[in-house]
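Here's the letter readout for the chains.
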Amino acid sequence: MPSEVSLSSLALDEPVSSVSAARRSWREVWWGLLDQRVGIVPVPVFVVLLAVFAGAVATGSLTHEINMMIAVLAVCGFSCGELGKRLPVFRHIGAAAIFATFIPSALAYYQVLPAPMLKAVVDFTKFTNFLYLFIACIIVGSVLSMNRDALVKGFFKIFAPLASGAVAAACVGTLVGSLLGLDPKHTFFFIVVPIMSGGVGEGAIPLSMGYAEIMNGNQGEIFAQVLPMVMLGSLMAILMSGLLNFIGKRMPQLTGNGQLQPGGADFTKTAARSSGPVDANTVAAAGLFAVTLYLMGVMAQKIVGLPAPVAMLFIAVLIKVFQLASPSLEAGAGVVYKFFQVAVTYPLLFAMGVAVTPWDKLMSAFTIQNLIIIFCTVATHMSVGFIVGRMVKMYPIETAIINSCNCGQGGTGDVAILTAANRMQLMPFAQVATRIGGAITVTLSLIAMAKLM
């Protein structure tokens, strides 16, 4: 009798086991699909969102409402980034950041993007200005998570390679333009200076306004001349920073992998050691802390005229130097930094490519003479940064990348350059190069033009 029971049990268990195995197999396949991602977007979610976008465009319901925009920018931004990451050779020199920035610009210009989607992205980008939220969280997160001694020493040292690189780049760029048959004054003021002016809002616009006043010219026409140089300079800096990242992998003795100088612990490890596991409350507090410092920077801009990101940077540095943030808050800031780096970079680049990167202006500057001058200018700036950085005991690849940010397209350029170089933790120093270096370049060039014209 016991044997009969056991036999019947085996007979019943066999189909149950096979059904259970089939169910497990189905779930595992589905879970495997969810673990396949385009950037951070699971493949099934990616497919569903494409269908949702098509339906929203067809029904006229695609607006710049935040949930829709998060989905649109994530899908589009990470798609462009993934294309760049899969290109042979070029994936090693910043193709992902270039694709995420300039493919959207071309899609917008040639009207490939559906009109409702284009309008929604532009409206969302300009109305929310979320570039500055990104910069705030990246700067505050990286500063507070950084080794204190390395930060202090780095801020004093970085001006040596920056200043020497800028002077050498101005001289070489102007000389190359003269050798190519261009007027030296035109080369200097309309090609070289715009490259190092700090972007569009803080560089090309005030520069063109100053030029127009000094020359009694049309500000719009002058702006159209200098803007392409800003964009091409940024593109060149992205490519060359990506190349430096590749070189750093082959020659590790030349790089600190995001650490500016020897002797400072890696910022993520510093954050991890500062306290135990970081809970959601601490991360939320750190995010609000970053926003608060940015708003303090905005107020400082109103009072003393210092650009808000730069004022915020100095406030964050002072907080770090005087150890005014608790270890747990510093650890939370590190998590905020990492989240924005991973989840927001490519969507942001896509948005800025669509909204503020005019493809036609970029293409209009693609002449052999301009490209040679821009290449020589950016290469000189970075090469001198590399050499001087090594002389002052800093990692040469990191200092060269920071110098390249002086040739970038403002905050957008900094994000693209540091993404291509895989060194987003250098954002505080990149902001010094872009904002302060650009402001000094604009001021000195306007003084020089007033004397020479």
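## A closer look at the state of the cysteines
Applying the stated criterion across every chain, the model contains zero disulfides. In this structure C171 is not part of a disulfide, and its nearest cysteine sulfur, from C376, lies 13 Å away.

## Things to note about the pattern of salt bridges
By the definition in use, this model includes four salt bridges. With its nearest N and O atoms 3.1 Å apart, the salt bridge here joins E82 to R86. We classify E82 as buried; its relative accessible area is 15%. The residue D123 makes a salt bridge to K119 at a minimum N-O spacing of 2.7 Å. Taken together, the residues D123 and K119, both in helix α5 (residues 115-128) and four residues apart, mark about one turn of the helix. Assessed through its relative accessible area of 15%, D123 is described here as buried. A relative accessible area of 55% places K119 in the exposed class.

## Remarks on the nonpolar core
Counting residues in each nonpolar core, the largest one holds 124 residues, and the members touching the most others are F134 and V378. Not counting chain neighbours up to four residues away, the residues in contact with V378 comprise I195, G233, M236, A237, M240 and C407. Judged by nonpolar contacts, the second largest core, of twelve residues, contains F190, V193, A204 and V230.

## Regarding unusual backbone geometry
If you check the backbone angles, Q111 has positive phi at about 60 degrees while not being a glycine. Considering the arrangement of structural elements, one finds Q111 in the loop between α4 (95-109) and α5. With relative accessibility at 67%, the residue Q111 sits in the exposed group. For N129, which is not glycine, the phi dihedral falls at a positive 55 degrees.

## Description of the confidence of the model for the chain
Predicted confidence across the chain gives a mean pLDDT of 86, with 91% of residues reaching 70 or more. Per-residue pLDDT stays below 50 along residues 1-12; that stretch engages in zero contacts with residues further than four places along the chain or on separate chains. The low-confidence segment residues 265-272 (pLDDT under 50) makes 15 contacts with residues lying over four places distant or belonging to another chain.

## So, the packing of helix α6 (residues 130-145) against helix α15 (residues 327-343)
One can describe the packing of α6 onto α15 by two numbers: an axis separation of 8 Å at closest approach and a directional angle of 135 degrees. By the angle class used here, α6 and α15 are oblique. α6 and α15 meet at a crossing whose hand is left-handed. Residue-level contacts link L133, F134, C137, I138, V140, G141, S142, L144 and S145 of α6 to E330, A333, G334, V336, Y337, F340 and Q341 of α15. Its residues assigned to classes, the contact of α6 with α15 shows ten nonpolar, five polar and one charged.

## Remarks on the side chain of T399
Positionally, T399 belongs in helix α19 (residues 396-405). Take T399: its relative accessible area is 0%, and that puts it in the buried class. At 2.9 Å, the side chain of T399 forms a polar contact with the backbone oxygen of P396. Apart from the residues within four sequence positions on either side, T399 is in contact with I158, P161, L260, G385, F386, G389 and M394.

## Re the environment of C80
Among the structural elements, C80 can be located in helix α3 (residues 66-85). The spatial distance from the C-alpha of C80 to the C-alpha of G242 is 17 Å, given a sequence separation of 162 residues. Setting aside chain neighbours within four positions, we find C80 in contact with A96, F99, A100, I103, P104 and F350.

About the cut-offs
- Numbering of residues starts from 1 in each chain and follows the order in which that chain's sequence is written.
- Given that the model is predicted, a residue must reach a pLDDT of at least 70 before its local features are reported, and side-chain atom pairs must reach 80 or more before they are shown or counted; all residues, however, enter totals for whole chains, interfaces and linings.
- Each side-chain value is worked out from all heavy atoms of the structure, with water and hydrogens disregarded.
- The disulfide criterion used throughout: a pair of cysteine sulfur atoms within 2.5 Å.
- The term salt bridge refers to a pairing of a side-chain nitrogen on Lys or Arg with a carboxyl oxygen on Asp or Glu at a separation within 4 Å.
- Categorising residues by exposure relies on relative accessible area from a 1.4 Å probe, with only protein chains included: less than 20% of the type maximum marks a residue as buried, more than 50% marks it as exposed, and the intermediate range marks it as partly exposed.
- Under the DSSP-based scheme used, a helix requires at least four consecutive residues in state H or I and a strand at least two consecutive residues in state E, with every element numbered from the N terminus.
- By convention a nonpolar core is built from buried Ala, Val, Leu, Ile, Met, Phe, Trp, Tyr and Cys residues, the set being connected through side-chain atoms within 4.5 Å.
- Residue contacts are counted whenever heavy atoms from the two residues lie within 4.5 Å of one another.
- Residue-level confidence of the predictor is summarised by pLDDT, bounded by 0 at the bottom and 100 at the top.
- Helix axes are fitted to C-alpha atoms over the stretch in contact, other axes to C-alpha atoms as well, and angles between N-to-C directions run from 0 to 180 degrees.
- Every angle not falling under 35 degrees, over 145, or within 65 to 115 is termed oblique; those three ranges are roughly parallel, roughly antiparallel and roughly perpendicular.
- Crossings are sorted by hand: turned counterclockwise from the far helix by less than a right angle, the near helix makes the crossing left-handed, and turned clockwise it makes it right-handed.
- Here the term charged refers only to Asp, Glu, Lys and Arg, the term nonpolar to Ala, Val, Leu, Ile, Met, Phe, Trp, Tyr, Cys and Pro, and the term polar to all other amino acids, Gly among them.
- Any pair of nitrogen or oxygen atoms within 3.5 Å is treated as a polar contact; in protein, a donor-acceptor pairing is required on top of that, and neighbouring residues in sequence qualify only through side-chain atoms on both sides.

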